[in-house]
Amino acid sequence: MTYESLIFDIDGTLWDSRALVAEGYNIQLKQEGLEHLAVNAEMFKPLFGKVMTEIADVIFATIPAPERYALMDRCMDTENRYLQENPCRIGYPGVKETLEKLAQNHRLFIVSNSQKGYPELCMEKLGLTPYITGHLCFGDTGTSKGKTIRTLMEKYNIQNCAYVGDTQGDYEATVEAGIPFLWAAYGFGRPQHYDGKLQQMEDLLTLD
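Positions within a chain are numbered from 1, following the residues in the order the chain's sequence is written. Where local features are concerned, this predicted model is filtered to residues with pLDDT of at least 70; where side-chain atom pairs are given and counted, the filter is 80 or more; whole-chain, interface and lining totals use all residues. To get the side-chain values, take all heavy atoms of the structure and skip hydrogens and water.

Colleague: Help me understand the pattern of salt bridges, please; the structure alone is not making it clear to me.
Modeller: In a structure, side chains of opposite charge can pair up when their charged atoms sit close to one another. When a carboxyl oxygen of Asp or Glu is within 4 Å of a side-chain nitrogen of Lys or Arg, the pair counts as a salt bridge. Applying the stated rule across the entire model yields six salt bridges. R74 is paired through a salt bridge with E32; the nearest N and O atoms lie 2.6 Å apart. Of this pair, R74 sits in helix 4 (residues 67-85) while E32 is found in the loop between helix 1 (18-31) and helix 2 (41-44), placing the two residues 42 residues apart along the sequence. Between buried and exposed lies partly exposed: a residue is buried under 20% and exposed over 50% of the maximum accessible area for its type, with that area taken using a 1.4 Å probe on protein chains only. Given the relative accessible area of 29%, E32 is considered partly exposed. One salt bridge connects R68 with D57, and the closest N-O pair in it is separated by 2.9 Å. Of this pair, R68 sits in helix 4 while D57 sits in helix 3 (residues 52-59); the two residues are eleven residues apart in sequence, bridging distant segments of the chain. Exposure remark for D57: the relative accessible area of 31% places this residue in the partly exposed category. Each of D9, K145 and D170 takes part in one network of salt bridges that share partners. A helix here means a DSSP run of H or I that spans at least four residues, while a strand means a run of E at least two residues long, and both kinds are numbered starting from the N terminus.

Colleague: Whenever I open this one, the packing of aromatic side chains confuses me. Can you help?
Modeller: The relative placement of two aromatic rings is captured by the distance of their centres and the angle of their planes. Only rings of Phe, Tyr and Trp enter the pairing, Trp through its six-membered ring, and a pair is recorded when the two centres are within 6.5 Å. The plane angle decides the type: under 30 degrees is stacked, over 60 is edge-to-face, the rest tilted. Counted under the stated rule, the structure contains eight aromatic pairs. Measuring from ring centre to ring centre gives 5.1 Å for F109 and Y156, while their planes differ by 55°; the resulting arrangement is tilted. Within this pair, whereas F109 is found in strand 2 (residues 107-112), its partner Y156 is found in the loop between helix 8 (145-155) and strand 4 (161-165), the two being separated by 47 residues in sequence. Connected via pairs of aromatic rings, a cluster forms that spans Y25, F44, F48 and F188.

Structure representation (structure tokens):
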């Protein structure tokens, strides 16, 4: 592979946490007497990959801003605790084994549109911590994914890399960041363009 570094998305690329995230949200919503706002995994499929405020605008549209964002923050806090307590056997096949091999010759990173703590949780639950050099998320930067990718690249002096993601939003982030996009076709989305296609995570080991 010609890339010195690889930057990974999380949801739809490393794991599928939609069901567990929905369960975490619903715990908080029930505690607040907001069961009528309950969410489910299918609702999250077109939303994962968007920044957290955009997700809140959809699932909590009946709640006025800024209250909806405060509610979103509380739901995410409960989600993080719920995921921390759960074994999270939700990683896609071959993720840990592939990243372990890639780390021998590449620097590996994570950039997500998630809240703070989510990348670390994913790394811990999937056993990826030894293989990830660094990570950033929307909760860290408050900027678009493309800008967050550029911030990470500058922080770690990344000159030659590609982003591995699954959605149109991921592709658009790579356009903004000016780097190639490798499409995880097993994930949630169907982007308009990609520079490489992965039917499974192991395909990274043989990608030209």
